[in-house]
Amino acid sequence: MICLGIESTAHTFGCGIVDEHCNILANEKKSFTSKYTGIKPAEVSDFHYKNSINVIKTALEKASLKIEDIDLISFSQGPGIGQCLKVGSTTARFLALKFNKPIIGVNHCVAHIEIGIKLCKCKDPIAVYVSGANTQIIGFESKYYRVYGETIDIGIGNLLDSFGRYINIGFPAGPLLDKMYFEAEKYIELPYSVKGMDLVFSGLLTAARNKIGECKKEDLSYSLLHNAFAMIAEVSERALSHTGKKEILLTGGVAASNALQDILKKMCKQRGAELKVTPKEVATDNGAMIAWLGILEYSAGKRMKIEETKINPKYRTDHVKVIWR
Ligand code: MG
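It should be emphasised that the depicted structure is a prediction, and the values quoted were computed from it without experimental measurement. (Residues numbered from 1 in each chain as written. Predicted model: local features only at pLDDT ≥ 70, side-chain atom pairs only at ≥ 80, totals over all residues. Heavy atoms only, no water.)

**Q** How do you make sense of the packing of aromatic side chains when you look at a structure like this?
**A** Two aromatic rings, taken as a pair, are described by how far apart their centres are and by the angle between their planes. The tally for this structure, following the rule as stated, stands at 4 aromatic pairs. Relative to F47, the ring of F32 has its centre 5.7 Å away and its plane inclined at 85°; by these criteria the two rings are edge-to-face. Taken as a pair, F32 in the loop between β3 (24-31) and α1 (41-62) and F47 in helix α1 lie far apart in primary sequence, 15 residues in all. We note that F32, like F47, is buried. Over the face of the ring belonging to Y166 we find R209, whose NZ or CZ atom lies 3.7 Å from the ring centre. Sitting above the plane of the Y298 ring, R303 keeps its charged end 3.6 Å from the centroid. (Phe/Tyr/Trp six-rings, centres within 6.5 Å; stacked < 30°, edge-to-face > 60°. Helix = DSSP H or I, 4+ residues; strand = E, 2+ residues; numbered from the N terminus. Buried < 20%, exposed > 50% of the residue type's maximum accessible area, 1.4 Å probe, protein only. Lys NZ or Arg CZ within 6 Å of the ring centre and 35° of its normal.)

Pasting the structure below:
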C-alpha cells in the first residue's frame, strides 16, 4: 500500500509518499520564512496555495510514481492554523475525489509521535513533542495518547521565535538561539513556571524582553533557553517517574535543538532512561509522517466519508482513539 500524505498545519506545505513498511519514497516540502515577521495566516496560506501543486508533483517524481499508483490520500486535519489547514484539506479532497482514492484526515501531533516511534524503534516512550505551536508531554495508555503535561499559553517554538524577533534574528530563530546558548558566559535570572504538570512560557518571554540591552544577548538567550528547556525536562522526568516508562522520544521542530537534547540526555542518564531523537527530516513538519499515520489508521480499518474530512483546528492529541495499537 502506498499513501500520499499532505501537511499544511502551519508554515510548511509538505507532501510525503510512504509505503506500508514506512519506507519513505519521497518527502518534499516548502516552508515559509521571513526576515521580519512570524506567521501571518493569510500570507502563509497564499504561500501554500502557490507551492502546493509543485510540491506534490516533485514528490511523485522523486518516488517515480504517478497519482494513479497511490492507494490512499491522507492529510493533516488539525490542530493548526485554519487558513493553512484549509489548503491541505482542499488539495487532499480534490485528489481523492478526482482520482477516486480513499481519504483519511489525521491528527498532526499523533503523526509526529508515530513516525518517531517507528524510525527510532521505540517501544512505549514518553513523547516530548516540541514545536512552534505545541509543547506536550505524552504517553500511551488505554487506547489513547494521554497528555500528561502541556503548555497552557504559547508553544516553545513560539517563545523562541518571538524572542528572536525582539533581538532581530529573523524567523525561525531556534538555530541561532541554540548557537548562542553554547557561547554564553553567565546566567541571567529569569522566571521558571511549572504549574503542576503544565508549562507557562509567556512570563519568561516578557521578563527576557525587558532585559534586552541590559546584558549580552548570548547570556540572555542562554538563560531563556535554559529555563524553558529545564521546565520541559522537569515535567518529562515526572512523567517517566509516574508511568515507569523507560524512553523519551523527542520530536517536533524544536527537537533539533542541541541545548534541549543536552538537558534531556542528562535527565535520562540520571534516571536510567534512554533519549531517542527523531531524525530532523521527519521531526519538523512534513508529509511523510502524515502518510505513515494514514497507513496505520487505514490498515486498522478506519474509513472516512468526504463530509467527515473537514479541518479541525483544535483537534487534540488525546481525542484520537488509537485503533492501530
Ligand atoms: Mg508540528
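Having seen the structure, we can now continue with the description.
**Q** Explanation requested: the sheet that holds strand β8 (residues 144-150) in the structure shown.
**A** The strands that make up a sheet are held in pairs by hydrogen bonds between backbone atoms, and each pair lies either parallel or antiparallel. Read from one edge to the other, the open sheet built from 5 strands follows the order β8-β7-β6-β11-β12, with strand pairing classed as mixed. A single partner strand is all that each edge strand has here, and the edge strands are β8 and β12 (274-277). Across the sheet, the mean angle separating the axes of adjacent strands is 25° when strand polarity is ignored. Those strands touched by helix α8 (residues 258-271) are β6 (126-130), β11 (247-251) and β12, and its axis lies near 155° from that of β12. (Pairing = 2+ DSSP bridges. Axes fitted to C-alpha atoms, helices over the stretch in contact; angles between N-to-C directions. Contact = heavy atoms within 4.5 Å.)

**Q** When you look at the environment of D46 in this model, what are you seeing that I'm missing?
**A** Locating D46 in the fold gives a position in helix α1. Using a relative accessible area of 43% as the deciding quantity, one classes D46 as partly exposed. Between the C-alpha atom of D46 and that of C84, which follows or precedes it by 38 residues, the distance is 8.5 Å.

**Q** Would you take a moment to explain the pattern of salt bridges for this structure?
**A** Proximity of charged atoms lets side chains of opposite charge pair with each other. Under the definition given, this model contains 11 salt bridges. For E234, the salt bridge is made with R238, and the minimal N-O distance between the two is 2.2 Å. One end of the pair is E234 and the other is R238, both in helix α7 (residues 217-243) and 4 residues apart, which spans about a single turn. Residue E234 is classed as partly exposed on the basis of its relative accessible area, which comes to 26%. Taking relative accessible area as the criterion, R238 reaches 26% and is therefore assigned partly exposed. The structure contains a network of salt bridges with shared partners spanning E150, R316 and D318. (Salt bridge = Lys/Arg side-chain N within 4 Å of Asp/Glu carboxyl O.)

**Q** Would you take a moment to explain the domain arrangement of the protein chain for this structure?
**A** A common way to report how large an interface is uses the accessible area buried once the components associate. Partitioning the protein chain into structural domains gives domain 1 (2-111 + 282-319) and domain 2 (123-281). The centre of domain 1, based on its C-alpha atoms, is set 26 Å off from the matching centre of domain 2. In this assembly, 23 residues from domain 1 lie in contact with 20 residues from domain 2. Summing both sides of the interface, domain 1 and domain 2 together bury roughly 1,500 Å²; the carbon and sulfur share of this comes to 58%. Of all residues in domain 1, V282, A283 and T317 bury the most surface against domain 2, accounting for 33% of the area lost on that side. (Domains from an automatic or database assignment. Buried area = accessible area lost by both parts, 1.4 Å probe.)

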